Amino acid sequence: MRTIKELHILFREAVSDTFFIWRKEAGRVVRDQGVLIFFILVPVLYPLLYAFIYTGETVREVPAVVVDGANTAFSRDFVRRVDASPDVKVVARTGNMEEAKELMRRTKAYGIIRIPDDFSRKVNRMQQAYVGLYCDMSGLLYYKALLTACTDVSLDMNTELQIKRMGNTTVRQDEVSTAPLLYESVALFNPTNGFASFLIPAVLMLVIQQTLLLGIGLINGSARERATLHTQLVQGTGRGTVRLVLGKALCYLMLYALVSVWVLIVVPQLFHLAQIPQASDLLAFMVPYLLACIFFAMTCSILVYQRETCMLIFVFTSLPLLFISGISWPGVAVPDFWKYVSWLAPSTFGINGFVRINTMGALLEDVTFEYVGLWIQAGVYFLTACAAYYYMIGESRKIASKRAQTELTQGLPSGSDLSKKAESLN
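Residues numbered from 1 in each chain as written. Predicted model: local features only at pLDDT ≥ 70, side-chain atom pairs only at ≥ 80, totals over all residues. Heavy atoms only, no water.

J.: An account of the overall build of the protein chain is requested, with residue identities and associated values reported.
T.: Within the protein chain one finds 16 helices and four strands. For the protein chain, the proportion of its 426 residues judged to be buried stands at 43%. Counting only contacts in the protein chain whose residues sit at least 6 apart along the sequence, the fraction spanning at least 24 positions is 79%. (Helix = DSSP H or I, 4+ residues; strand = E, 2+ residues; numbered from the N terminus. Buried < 20%, exposed > 50% of the residue type's maximum accessible area, 1.4 Å probe, protein only. Contact = heavy atoms within 4.5 Å.)

Here it is in structure tokens:
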């Protein structure tokens, strides 16, 4: 058995080698303009661009055209109230649907409110009356504004009718007056009820994972093209795969610790997005998320054989990963197969946990499932990253050896530096 002194020496060597690799990797990152774009420029500018686009959060005064088949005082009152709402602006009233459709085709309006002929008659008979709403689905925010305005007006008018027919019974009148509250959506964690507060926190977490995939893929793609990955080991030996993985991961972790502060704290403050996290819980949650993303990206880099390949492999995955995370698309509506597939990516656990901590004020114990899942991913992907790098290092050594031998056969002197390099690789 090794003595404590020998183990101490080995530990010091391992730590020294890891920091040596960290310094070398930091130099490669700084010298590679493509990697700097993915590690620095994209995380800095993309969140600003995305948040700026949706900074209004909601749309107001959506143009709409009305087809009032009833043309009664009650139907005109309904139209007047919809027009008075902040979300909708009635730009025209037509006598038939064809004229209304023509206005939509010419983009003069984004929705049609159709009131049927029997609208007032059914209301007076205390029957269910319907109002048709037709929307241009090229913009979901237009649909939301039109639907919200029409729904709110119908609920208000329905309440007034019930109160009027109650015979001024005070207690019952108060009960009926509170009925619309049952239908209101209380935006506890999205006070503006807007798109930015709802989706941007998820996008920010996804940006961290995707830029790591692209940046690390670019670095390894370059090394595999040149067959130089084996030279990144300490002193060019065949040992130290774990040290190589840890040294590289340390470099990425230190860089993305700063990037995360900008993406997850500074950007939401600049655009006044909802933020109510406990700082200690958020920090504790981000550590396994960054580690899982780093080792996940290092594992996936085994798929990258050329520098540009990472763009083809990883960019298109951003939208599917956002949908199956259960944020932009309801989690209960995601099929079980895709739900299990989503657990392979750290972004699924990261997005759900971050939204609950940052936007809903959850504590770390409230996101135990996501927190434990990230630590499991970090451990599993560390092992797969070591296996992937062990394979890529061996592949790099073989390719470099073949290239050296090929160049030797083309007439280089046997005593040249290249001959010595080929002999050492063999």
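Now that the structure has been shown, we can carry on.
J.: Go over the pattern of salt bridges, please, and point to the residues and values.
T.: Under the criterion given, the structure shown has 13 salt bridges. Residue Arg 80 pairs with Asp 77 through a salt bridge whose shortest N-O separation is 2.5 Å. Placement of both Arg 80 and Asp 77 in helix 3 (residues 73–84) is noted, with a separation of three residues, approximately one turn of the helix. When the shortest N-O distance is used, the salt bridge between Glu 102 and Arg 105 registers 3.0 Å. (Salt bridge = Lys/Arg side-chain N within 4 Å of Asp/Glu carboxyl O.)

J.: Give a detailed account of the packing of helix 3 against helix 6 (residues 140–165), specifying residues and quantitative values.
T.: Two numbers describe how helix 3 lies on helix 6: the axes approach to 9 Å, and their chain directions differ by 135°. With respect to helix 6, the element helix 3 is oriented oblique. In the crossing of helix 3 with helix 6, the sense of the turn from one axis to the other is right-handed. The residues of helix 6 that touch helix 3, namely those facing Phe 74, Asp 77, Phe 78, Arg 81 and Val 82, are Cys 150, Val 153, Ser 154, Asp 156, Met 157, Glu 160 and Leu 161. Grouping the amino acids of the contact of helix 3 with helix 6 by side-chain chemistry returns seven nonpolar, one polar and four charged. (Axes fitted to C-alpha atoms, helices over the stretch in contact; angles between N-to-C directions. Parallel < 35°, antiparallel > 145°, perpendicular 65-115°, else oblique. Left-handed = near helix turned anticlockwise from the far one by under 90°. Nonpolar A, V, L, I, M, F, W, Y, C, P; charged D, E, K, R; others polar.)

J.: Pulling in residues and values, what's your account of the sheet that holds strand 4 (residues 132–135)?
T.: To summarise the sheet geometry, strands pair through backbone hydrogen bonds and adopt either a parallel or an antiparallel arrangement. Spatial strand order, 2-1-3-4: four strands in an open sheet with mixed pairing. Looking along the sheet, the strands with just one partner apiece sit at the ends: strand 2 (88–94) and strand 4. Mean inter-strand twist for the sheet, computed between neighbouring axes without regard to direction, equals 25°. Bridge analysis of strand 1 (residues 62–68) against strand 3 (residues 111–115) gives four bridges, and the strand direction is parallel. By the bridge assignment for strand 3, Asp 68 is matched with Ile 115. Sheet strands touched by helix 3: strand 1, strand 2 and strand 3. Its angle to strand 2, the strand with the most contacts, is close to 140°. (Pairing = 2+ DSSP bridges.)

J.: Can you explain the packing of aromatic side chains? Please cite residues and give values.
T.: Within the structure shown, the criterion is met by 16 aromatic pairs. Ring plane angle 55° and centroid distance 6.5 Å describe the contact between Phe 323 and Trp 329, whose orientation is recorded as tilted. Looking at Phe 323, the relative accessible area reads 37%, which means it is partly exposed. Ring geometry for Trp 343 against Phe 369: centres 5.7 Å apart, planes inclined by 65°, an arrangement best described as edge-to-face. You can see Trp 343 sitting in the loop between helix 13 (336–342) and helix 14 (346–358) and its partner Phe 369 sitting in helix 15 (residues 368–408), a full 26 residues away along the chain. Among the aromatic residues, ring-to-ring pairing joins Tyr 340, Trp 343, Phe 349 and Phe 369 into one connected group. (Phe/Tyr/Trp six-rings, centres within 6.5 Å; stacked < 30°, edge-to-face > 60°.)

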